[in-house]
Amino acid sequence: MTVATEAANDDVRARRNVAVLFFAQAVLGSQMPINIVLGGLAGAQLSPDPALATLPISLMVLVAMLSAAPASLMMGRWGRRTGFLCGALSGSLGGAVSAGSLLLGSFELLLLGFALTGVYQAFQNFYRFAAADTASEAFKPKAISWVLAGGLVGALLGPEVLVHTRDLFDPVPYAGAFAAVVVLNIIGAVGLLPLDIPVPPRRAKGVRQGRPMGEILRQPRVFVAIICGMVAFALMNLVMTSTPLAMVVCGYTPDNAADVVRWHAFAMFAPSFFTGSIIARFGHAKVIGAGLVALAGCGVVALSGIALTQFYVALILLGIGWNFAFIGATSLLATGHTPEEQAKVQGLNDFLVFGLVATASFSSGALLSTYGWDSVQYAMAPALIIAGSAIIWLSLRRPDPA
């Protein structure tokens, strides 16, 4: 049997897993647009200080950062399916507590609900890595891309759920949408049951699992992949977190904000159907670079005015930029570690990614309330310069051995 034939046989299981993870990304991922839109709006309704309005979203990201490494290590021991089911349970609890916070008028409960959602978020972000676990090297970029494409369904489903359920507990706004999040997590958990990814083998006592972390990080592609992944996700969060509040301040309705977030999320995930093929053809560096250019374009458009069209165009560019830069960085990182090393490398990567995302999220509300919408855009520039310099450096140097 040839190597190509063996890879094709292995990819039969990989394609089944991709289908399961696509469904999970679609259904479970649909709660994220709801949480992003309502995090700021519910926070503004319950918080004692307008500057704290985006604190629920920031706390969600912070908890996701702190949970990333433990979540990765847990799945390294107990398997992907067990970890993802635990994530769905936490997401369900988060929705229930957030709904209760609005019914009781408690900002502290809202923070707890979003903290629980942060645990869910930590697990969900490993869907993209799980897609590559059983895939051949040739299929990995496509597997990662297709799983993230499930977010397109979530991008369309989430705002629809929000619009149709937010007034279920009238006169208390938004509580019904958080209750719907509970149902979404239950449905998504059932869909995860057929996932077929073997539990990594346990190492014997005293035997080191793979190379030391320092040796892995000294690979230029791993270092650059982590930098670009951090910047792509952090800048997307920086702008997206403040957008609903900025739009309301500019006189637009929550429904306008939900629709802009819907199209932003659409732009985040729609390219995923072909991003993997583009990476295979043009390489990681060019695709990541194109994503960084699109992120810069978002800032330029947002600075040009506050018409509704400008919000749409800026957030669509933000979504496309995130897609190319983040999927490119994820796929590049997957080429720099062995299966034995994946738990610690992926855990460290997501810890660092969400560390910067948390910083961006905390900064977003403060920048918006203190200095205005334009300051959020100017804050993107230093990170874009760093990531752009890193990807140019990687492109100019001789490739390191696989």
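The coordinates are above.
The following paragraphs examine the structure supplied in this document.

Cut-off values and rules
- Residues numbered from 1 in each chain as written.
- Predicted model: local features only at pLDDT ≥ 70, side-chain atom pairs only at ≥ 80, totals over all residues.
- Heavy atoms only, no water.
- Axes fitted to C-alpha atoms, helices over the stretch in contact; angles between N-to-C directions.
- Helix = DSSP H or I, 4+ residues; strand = E, 2+ residues; numbered from the N terminus.
- Parallel < 35°, antiparallel > 145°, perpendicular 65-115°, else oblique.
- Left-handed = near helix turned anticlockwise from the far one by under 90°.
- Contact = heavy atoms within 4.5 Å.
- Nonpolar A, V, L, I, M, F, W, Y, C, P; charged D, E, K, R; others polar.
- Disulfide = S-S within 2.5 Å.
- Salt bridge = Lys/Arg side-chain N within 4 Å of Asp/Glu carboxyl O.
- Buried < 20%, exposed > 50% of the residue type's maximum accessible area, 1.4 Å probe, protein only.
- Phe/Tyr/Trp six-rings, centres within 6.5 Å; stacked < 30°, edge-to-face > 60°.

Moving on: the packing of helix 2 (residues 31-46) against helix 8 (residues 175-192). Viewed as axis vectors pointing N to C, helix 2 and helix 8 meet at an angle of 155°, and their least axial separation amounts to 11 Å. Here helix 2 lies roughly antiparallel to helix 8, going by the angle between them. The interaxial crossing formed by helix 2 with helix 8 has left-handed handedness. Facing Gln 31, Ile 34, Asn 35, Leu 38 and Ala 42 of helix 2, the residues of helix 8 in contact are Ala 177, Phe 178, Val 181, Leu 184 and Asn 185. When its residues are assigned to classes, the contact of helix 2 with helix 8 shows seven nonpolar, three polar and no charged.

Inspection of every chain in the model, using the stated rule, returns zero disulfides. Here Cys 250 stays free of any disulfide, with the sulfur of Cys 298 as its closest cysteine sulfur at 14 Å.

By the definition in use, this model includes seven salt bridges. With a shortest N-O distance of 3.3 Å, Arg 13 and Asp 196 are connected by a salt bridge. With Arg 13 in helix 1 (residues 3-27) and Asp 196 in the loop between helix 8 and helix 9 (213-217), this pair connects stretches of sequence that are 183 residues apart. Judged by its relative accessible area of 31%, Arg 13 is partly exposed. Look at Asp 196 and you get partly exposed, because its relative accessible area is 34%. The partner of Arg 166 in a salt bridge is Asp 167, and the shortest N-O contact between them spans 3.7 Å. Among the charged side chains, a salt-bridge network with shared partners connects Glu 160, Asp 259 and Arg 262.

The next subject is the packing of aromatic side chains. Tallied over the full model, the rule gives eleven aromatic pairs. Plain terms: the ring middles of Phe 139 and Trp 146 are 5.5 Å apart, the flat faces sit at 70° to each other, and that makes the pair edge-to-face. Relative accessible area serves as the criterion here: at 4%, Phe 139 is assigned to the buried category. Taken together, a centroid distance of 6.0 Å and an interplanar angle of 80° make the contact between Tyr 252 and Phe 311 edge-to-face. Here Tyr 252, found in the loop between helix 10 (220-249) and helix 11 (254-269), pairs with Phe 311, found in helix 14 (residues 308-334); they are 59 residues apart in sequence, far enough to count as distant. Feature note: the residues Phe 233, Phe 269, Trp 322 and Phe 326 constitute an aromatic cluster, connected by ring pairs.

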